Amino acid sequence: MDAFEKVRPKLETQPQEEYEIINAEVKHGGFVYYQEGCCLVRSKDEEADNDNYEVLFNLEELKLDQPFIDSIRVAPDEKYVAAKIRTEDSEASTCIVVKLSDQPLLEASFPNVSSFEWVKDEEEEDVLFYTFQRNLRCHDVYRATFGDNKRNERFYTEKDPSYFVFLYLTKDSRFLTINIMNKTTSEVWLIDGLSPWDPPVLIQKRIHGVLYYVEHRDDELYILTNVGEPTEFKLMRTAADTPAIMNWDLFFTMKRNTKVVDMDMFKDHCVLFLKHSNLLYVNVIGLADDSVRSLKLPPWACGFIMDTNSDPKNCPFQLCSPIRPPKYYTYKFAEGKLFEETGHEDPITKTSRVLRLEAKSKDGKLVPMTIFHKTDSEDLQKKPLLVHVYGAYGMDLKMNFRPERRVLVDDGWILAYCHVRGGGELGLQWHADGRLTKKLHGLADLEACIKTLHGQGFSQPSLTALTAFSAGGVLVGALCNFNPDLLRAVTLEAPFLDVLNTMMDTTLPLTLEELEEWGNPSSDEKHKNYIKRYCPYQNIKPQHYPAIHITAYENDERVPLKGIVNYTEKLKEAIAEHAKNTGEGYQSPNIILDIQPGGNHVIEDSHKKITAQIKFLYEELGLDNTSVFENLKKYLKF
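Report follows, based on the coordinates. On a predicted model such as this, the values are computed, not experimentally measured, just so you know. (Residues numbered from 1 in each chain as written. Predicted model: local features only at pLDDT ≥ 70, side-chain atom pairs only at ≥ 80, totals over all residues. Heavy atoms only, no water.)

**Digging into empty space enclosed by the protein**
Part 1 of the reasoning: Evaluation of the coordinates by the stated rule reveals three cavities of 30 Å³ or more.
Part 2 of the reasoning: Computed from the structure, the largest cavity encloses a volume of approximately 290 Å³.
Part 3 of the reasoning: Forming the boundary of the largest cavity are 20 residues, of which His-388, Arg-402, Arg-405, Thr-467 and Phe-469 lie nearest the centre.
Part 4 of the reasoning: For the lining of the largest cavity, the secondary structure elements donating two or more residues are strand E31 (385–389), strand E33 (464–469), strand E34 (489–493) and helix H11 (607–620).
Part 5 of the reasoning: Taken together, the residues of the lining of the largest cavity sort by class into nine nonpolar, five polar and six charged.
Part 6 of the reasoning: In this structure, the second largest cavity encloses a volume near 80 Å³.
Part 7 of the reasoning: Lining the second largest cavity are Leu-386, Arg-402, Glu-404, Arg-405, Leu-408, Thr-467, Thr-491, Ile-610, Gln-613, Ile-614 and Leu-617.
Part 8 of the reasoning: Elements supplying a minimum of two residues to the lining of the second largest cavity: helix H3 (403–410) and H11. (1 Å grid on protein atoms, 1.4 Å probe; cavity = no way out; pocket = protein on both sides within 12 Å on 5 of 7 lines; lining within 4 Å. Points joined across faces, edges and corners; volume = space filled by probe spheres on them. Helix = DSSP H or I, 4+ residues; strand = E, 2+ residues; numbered from the N terminus. Nonpolar A, V, L, I, M, F, W, Y, C, P; charged D, E, K, R; others polar.)

**Re the packing of helix H5 (residues 439–455) against helix H6 (residues 472–482)**
Part 1 of the reasoning: Packing of H5 against H6 brings their axes to within 10 Å, and their N-to-C directions diverge by 70 degrees. Judged on the interaxial angle alone, H6 and H5 are roughly perpendicular. Handedness of the H5/H6 crossing: right-handed. Contacts between H5 and H6 involve Lys-439, Gly-442, Leu-443, Leu-446, Glu-447 and Ile-450 from the former and Leu-475, Ala-478, Leu-479 and Phe-482 from the latter.
Part 2 of the reasoning: A breakdown of the residues in the contact of H5 with H6 according to their chemical character gives seven nonpolar, one polar and two charged. (Axes fitted to C-alpha atoms, helices over the stretch in contact; angles between N-to-C directions. Parallel < 35°, antiparallel > 145°, perpendicular 65-115°, else oblique. Left-handed = near helix turned anticlockwise from the far one by under 90°. Contact = heavy atoms within 4.5 Å.)

**Quick look at the pattern of salt bridges**
Part 1 of the reasoning: Considering all chains together, one arrives at 33 salt bridges under this definition.
Part 2 of the reasoning: Linking Asp-192 and Arg-174 is a salt bridge whose minimum nitrogen-to-oxygen distance equals 2.4 Å. Placement of Asp-192 in strand E15 (residues 186–192) and of Arg-174 in the loop between strand E13 (164–169) and strand E14 (175–181) is noted, with a sequence separation of 18 residues between them.
Part 3 of the reasoning: Looking at Arg-174, the relative accessible area reads 24%, which means it is partly exposed.
Part 4 of the reasoning: Between Lys-267 and Asp-268 there is a salt bridge whose closest N-O contact spans 3.9 Å.
Part 5 of the reasoning: Lys-267 sits in the exposed class, given a relative accessible area of 59%. (Salt bridge = Lys/Arg side-chain N within 4 Å of Asp/Glu carboxyl O. Buried < 20%, exposed > 50% of the residue type's maximum accessible area, 1.4 Å probe, protein only.)

Scope: geometric values only; no functional claims are made or implied.
Have a look at this one:
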């Protein structure tokens, strides 16, 4: 109960509802490793829910502000455990290595670690491979041993600053993969898990525009890649000793407009987690006979949560939506069936609706939307509408469970998630159609979505709010410049608003890495002129704007505070000029810049932030917020 009280503030549920809160944990052998209070602990698998656990390390020794364990890796023979630890106000992580002796001992501590994995060498010695991150760039791979033969050496350095490096251990632990990637291209090297000191083997030299990811089973590599036509992901395989692209054989292709969310490999099966036409599917491929079983998942489901699992007989995962907490499902290979967690049914299933609609953009492209509202809502045109958008990097719009979103729906709001081009919801081409000199497609899609919602009777401009974070701020800021009458209020979090000046500053940590997304205005006049057409900061003008609430973070390395402050000041000047020209009686919109301490890019669980944003929306739309804050108290501890 003491441990539960420490995490309760993150999500306190209504008394009659049962939401499970899970910290990072790993099962290895007969033990479970996890965080208990401020300690890294382990317990017997069957006793994991009891108080019978062994403290391996007290996180308070690191002298960090409210540290928590981000991920855990256990050495193959359980001589050591490594854990990556960070705080909510920073992206920097510290990796600790604890020796699992009779008296657990802190063996080593490495700062600024991004990814890390264990392998065992020919002499049965544990070797930790880890990547070092500096200024958000991850280019160096190290390997370290401990005990009597202690050493730590840099193993690989990526020379191209536009690429980053991360490590992945294949599901069967046979190979450690060094993945070198930028936004559109990748290259993978294999380290033999049986001979980790041997030179790595290159699978395929990077080819511009070709992405690939690797798994292993029975001396074969399974490669998820976009090589060939169409340039969407497909599954290929080849013998592990002939890994080059010329030997890749096509094994499985996806339907059009399909996003591959994840892949999991088992002894006799490969499981693909897919999003097709904005609905979730699981494809189970039998590797013995190449059979394929496609499972359509419940229509309310909007996102997968993958489970760390070593059971070869079952494939567990969770499904969630913005208003429904995660629910467990397990596919059992022997039965060939998907089993749903039994027990208490969430009441939101009966009190809310989820709709899948499409809007037609200017060029005729159909843009999917996901909409939530109360089942018993009458006259939806008079209900407040909160629109969500992202549209960048080929990443899906976040649709994980957020208790404040559920409270809004309970209070009569309509939530609309617009899956515009530039995101990844319909596959790689969906991203390609909204990046570089096609960024305006995303803006046209967003505008079409909001007009379609209004046209179909979902709210009206005076009751419509728009929200986004990070790169989603580009489309929101652009819409505020070009068609502000569609909106009444806007909330932005760590928004990217000054695209042109940011992308021309190569001293910033991510500029070179993100040229593939936004273009290079320093060397390409076409890119520069195109960015000028949509950049929120560049297109501010004296006119009426919706009310805007911006949450920014003081030491944010991804979206510099300077650009947000400059945008806010310029916007206020334009509004003041418009008010002056309009004359008496004009009420200027509220523009609020809330600068939070810390350097984490987005702190989703900040109750102060959630409260401020909801208070702003209710005040700007002229709504009574009495009940919403009473309901929030059931979820959040103020």
